[in-house]
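# Summary of the model geometry
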Amino acid sequence: MFYAKKQTANLIASALAELGVTEGFDENSIVTMLEYPPSPENGDLAFPCFRLSRTLRKAPPMIASDIKAKLSAGGLFEKIEQAGGYLNFYFDKTVFSDVIIKEICDKKEKYGSSDEGKGKTVVLDYSSPNICKPFHIGHLGSTVIGHSIKKIHEFSGYNCVGINYLGDWGTQFGKLMVAYRKWGNKEDVEKGGIDVLVDLYVRINHEIDGDPEHGIEGNKELADEARAEFHKLELGDPDNIELWKWFKEISLAEYEKTYAQLGITFDSYLGESFYTDKMPAQVQKLREANLLKIDDGASIVDLSDYKMPPCLILRSDGSTLYPTRDIAAAVYRHDTYDFAKCVYVTSDQQILHFKQWFKVVEMMGYDWADKLVHIPYGTISVAGVKLSTRHGNVLLLRDVFGQAVDKVRSVIEEKNPDLENKDEVAEAVGIGAIIYYYLLGSIGKSSSFVMDDALSFDGNTGPYAQYTYARTCSILAKAKQNGVSYGAADVKITSDEEFALAKQLALFPEKVKAALDGYEPSVITHYIFDAATQFNRFYHNCPVLTAEDPDTVKTRLMLTESAGHVLKSAFSLICMKAPEKV
Ligand code: ARG
């Protein structure tokens, strides 16, 4: 709609200039004032005149009619009417649709993209699981929200660096080493992969923690042993380093499978361990700036002036902590990428952590502190899925995906047994359904969903959207089969549904902009539903290949192609695949 808004604003700006209004009402600011009328009877765009009444010292309806007197319809505008304090613009359906359809068919999957971020780099830190701990449903948020925000930035012309900041350092490795040497063996781990590591990890934690409620004491010695092994690792003990690298490889191999299913790749896997030798310089800087206070032996930054608890930098034994590593990593990323923004996507349980260390970075005098952005998301729960009890009732992402794919596969077997690439399609639809359902909610809010609802082919779901996309593909394939060409056709609009679809497709670029500015993939998800619904309404009311008039056939084919491009691009922004047949 940018094009139509610009045309409308241009018209209004020149009328206002004639009325003597110049300041504050240039074309660009008028664009931002234009509104979408609630129903088509009130036009396609409306200009509210209320803000002008101060400047012009008149009532808004008078102003609206004064502006109207200076305007005449024609071109894009079929008519312009005054209604109360509004000026309503009605588009010529064919002129409007012609511009938009041709733009989409020309730009194809690039339609909706922009070069807003040209020359700017955005670093995105997301997914970032803690190695050796289960990759569970909670990670879905960071993984798909993070990747979606990355895609939206790329689509908007930013140069993006996606970083998987692996939790690959910390005392958990000491625990795992002790557990592995005590109870594990190479063969089992090679065969069972990450599950065996998680089992060992869970087992040693049980032993260390005990079960105070049932009078079972924890094993302190084991805890000390684990700490000692981690310390050896920190000092570079070759055996421990080797084991640590191996644990990391095993875990990564498992994560990679999930990332591949989601179509996600990262530009960097530099995890926490990478920053061990980069922390001392930052600790030194903090000390020199007199920001470090000793509290019970630990080094902290006092944040009471900002009404926050202190940020812990060093434990009393001199070891570093999560915030220390984050500070060092941010400095490194700034020096390496000179980012315009560095975005972190984590659960909302980490809000305080990010507030604290962002503040510390600012206090250290880094002038880029305001480029750090934290995007927290709420907790997720899924009903209708079996829990994996072996790891203490956590819902593994792998299991959620696996069960969704199985269910879709059985639907395909039943309804469309001859479909080619059944497995691929079942995976695209099953996983797409989970992502779609999850990304429907605003990211700050907690979400819960029922598996069967997410997998439904009706309503606001991924399968419904993918099915609609496949429908656009099959219409175009049939046209091709029948030898109907429609490339340079003249657009001719004869029904409300055609026009409504063109209008819906015209909204895509501004939805991308809203999703970008708000770090909010759900804007795209909701848009997909609106666009799919509008396409289906068009499809049910407007025969495409069997329309009588050849120009109508061509127009409808171009509309179908346009809808397909927009849906496919929008899917890719929320990490959902677009199979051509479902
Ligand atoms: N590994 C952390 C976790 O699973 C998330 C890391 C987020 N990124 C960061 N730079 N702190 O909780």
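This is a predicted model, so every value here is computed, not measured.

### Some points on the site of the ligand
- Within the structure, the ligand sits among D125, S128, N130, Y165, Y322, D326, Y344, T346, Q350 and F354.
- The protein chains hide 88% of the 350 Å² of surface that the ligand would expose on its own.
- Elements that contribute at least two residues to the shell around the ligand include exactly α13 (322-337) and β9 (341-347).
- In the shell around the ligand, the residues fall into four nonpolar, four polar and two charged.

### A closer look at unusual backbone geometry
- Despite not being glycine, D296 has its phi angle at roughly 55°, a positive value.
- Examined against the element boundaries, D296 turns out to sit in the loop between β6 (292-295) and β7 (298-301).
- The backbone of C575 shows a phi angle near 65°, a positive value even though the residue is not glycine.
- Tracing the backbone through its elements, the reader meets C575 in the segment after α22 (550-573).

### Looking at the pattern of salt bridges
- Using the criterion set out here, one finds 35 salt bridges in the structure.
- Across the pair D168 and K248 runs a salt bridge whose closest N-O atoms are separated by 2.8 Å. On the criterion of sequence distance, the pair formed by D168 in the loop between β5 (159-163) and α7 (171-183) and K248 in helix α11 (residues 238-262) is long-range, its members being 80 residues apart.
- Taking relative accessible area as the criterion, K248 reaches 17% and is therefore assigned buried.
- R409 is paired through a salt bridge with D423; the nearest N and O atoms lie 3.1 Å apart. Placement of R409 in helix α15 (residues 397-415) and of D423 in helix α16 (residues 422-438) is noted, with a sequence separation of 14 residues between them.

### Quick look at the sheet that holds β5
- Read from one edge of the open sheet, four strands run β5-β4-β9-β10, paired in parallel fashion. The sheet is open, and its two edges are formed by β5 and β10 (372-377), each paired on a single side. Neighbour to neighbour, the strand axes of the sheet diverge by 20° on average, direction disregarded.
- Pairing analysis gives four bridges linking strand β4 (residues 121-125) to β9, with the strands arranged parallel. Note on β9: the bridge partner recorded for L124 is V343.

About the cut-offs
Counting from 1, residues in each chain are numbered in the order their sequence is written. Only residues with pLDDT of at least 70 get local features here, since the model is predicted, and only at 80 or more are side-chain atom pairs given and counted; chain-wide, interface and lining totals rely on the full set of residues. The basis for every side-chain value is the complete set of heavy atoms in the structure, and neither hydrogens nor water enter the calculation. One heavy atom suffices: a residue is near a molecule or strand as soon as one of its heavy atoms comes within 4 Å of it. Calculation of accessible area relied on Shrake-Rupley with a 1.4 Å probe; when residues are assessed, cover is drawn exclusively from the protein chains displayed. Secondary structure elements are taken from DSSP: a helix is a run of H or I of four residues or more, a strand is a run of E of two residues or more, and numbering for both begins at the N terminus. We call Asp, Glu, Lys and Arg charged. Ala, Val, Leu, Ile, Met, Phe, Trp, Tyr, Cys and Pro are nonpolar, and the rest, Gly among them, are polar. Salt bridges, as used here, are contacts in which a Lys or Arg side-chain nitrogen is within 4 Å of a carboxyl oxygen on Asp or Glu. Exposed residues in this analysis have more than 50% of their type's maximum accessible area, buried residues have under 20%, and partly exposed residues fall in between, with area computed by a 1.4 Å probe over protein chains only. Two strands pair if DSSP finds at least two bridges between them. What counts as an axis is a line fitted to C-alpha atoms, over the stretch in contact for a helix, and the angles between N-to-C directions run from 0 to 180 degrees.

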